[in-house]
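Spelled out, the chains give:
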Amino acid sequence: MPAIPVPSAFESRCNATYDALMWALSRPGLVRDLPEAGQAQIVDALIDRDCAVFCDAPDLSARVADIGAALVDAEHADHLFLDRLENAGLLRALRLGSALHPEHGATLVLNAVIGTGPGVRLTGPGVDGSVDIRIRGLPDGFWRMRTQVMRYPMGFELFLLDGTRLVGLPRSTEVEVL
């Protein structure tokens with residue numbers, strides 16, 4: 001009987017990160033735990049040579065380049081990794097996919113503080129009734145701008161990251177500012 005391969009620590013971390021990301025999108029607004037703090041593990045789990053990526057952190061850009069992915073401007077990116085978003089207007093530049101291929105919309109990974117700050121109510125697929133969460137660290141008008149640019153089924157996926165804590169919002173999630 002052949003030996004069953006044992007995943008490396010890196011592979012196990014990537015698998016656990018990917019699982020947390022998918023569960024976060026499946027259950028919008030519910031906090032998921034990641035194996036480690038920071039965006040690097042998300043880069044490792046999601047990015048490959050076929051991806052176009054925008055990063056605002058030089059160390060993360062170097063990691064993306066080492067993987068072999070293309071570093072591009074925000075409007076051409078499949079994945080965006082932002083330490084901080086200064087202006088909600090960037091959301092207008094994100095790739096939203098098309099009616100035929102909505103999966104070509106961008107994925108935005110953004111650092112924020114989960115559990116404090118202004119409240120929002122989430123509804124839609126994957127949400128049991130509604131979920132209220134508080135998020136700090138987003139620019140003024142962020143949620144209004146998100147509502148304006150989303151044209152379901154087109155839109156972008158959003159991951160809000162607070163250390164090892166993660167919240168996912170797929171393009172199908174409706175957001176009401178409380």
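The structure this text deals with has already been given above.
Throughout what follows, the structure given in this document is the object of discussion. (Residues numbered from 1 in each chain as written. Predicted model: local features only at pLDDT ≥ 70, side-chain atom pairs only at ≥ 80, totals over all residues. Heavy atoms only, no water.)

1. Focus: the pattern of salt bridges
Phase 1 of the analysis: A full pass over the atoms with the stated rule returns eight salt bridges.
Phase 2 of the analysis: As a salt-bridge pair, arginine 95 and aspartate 78 come within 2.4 Å of each other at their nearest N and O atoms. Taken as a pair, arginine 95 in the loop between β4 (79-82) and β5 (107-111) and aspartate 78 in the loop between β3 (70-71) and β4 lie far apart in primary sequence, 17 residues in all.
Phase 3 of the analysis: By relative accessible area, which is 27% here, arginine 95 ends up partly exposed.
Phase 4 of the analysis: With its nearest N and O atoms 2.7 Å apart, the salt bridge here joins aspartate 132 to arginine 121. (Salt bridge = Lys/Arg side-chain N within 4 Å of Asp/Glu carboxyl O. Helix = DSSP H or I, 4+ residues; strand = E, 2+ residues; numbered from the N terminus. Buried < 20%, exposed > 50% of the residue type's maximum accessible area, 1.4 Å probe, protein only.)

2. What about the side chain of glutamine 41?
Phase 1 of the analysis: Structurally, glutamine 41 can be placed in helix α2 (residues 40-46).
Phase 2 of the analysis: A distance of 3.2 Å separates polar atoms of two side chains, one belonging to glutamine 41 and the other to threonine 17.
Phase 3 of the analysis: Leave out the neighbours within four places in its chain, and glutamine 41 touches Arg13, Thr17, Leu34, Pro35 and Glu36. (Polar contact = N/O pair within 3.5 Å; in protein donor to acceptor, adjacent residues only side chain to side chain. Contact = heavy atoms within 4.5 Å.)

3. Quick notes on the sheet that holds strand β6 (residues 113-123)
Phase 1 of the analysis: On the basis of which strands lie adjacent, the open sheet formed by three strands has the order β7-β6-β10 and antiparallel pairing. Looking at which strands have only one partner, the edges of the open sheet turn out to be β7 (131-136) and β10 (174-177). Neighbouring strand axes in the sheet, compared pairwise and without regard to direction, differ in orientation by 50° on average.
Phase 2 of the analysis: Pairing between β6 and β10: four bridges, direction antiparallel. Residue leucine 122 lies in a different strand from β10, and its bridge partner there is valine 175. (Pairing = 2+ DSSP bridges. Axes fitted to C-alpha atoms, helices over the stretch in contact; angles between N-to-C directions.)

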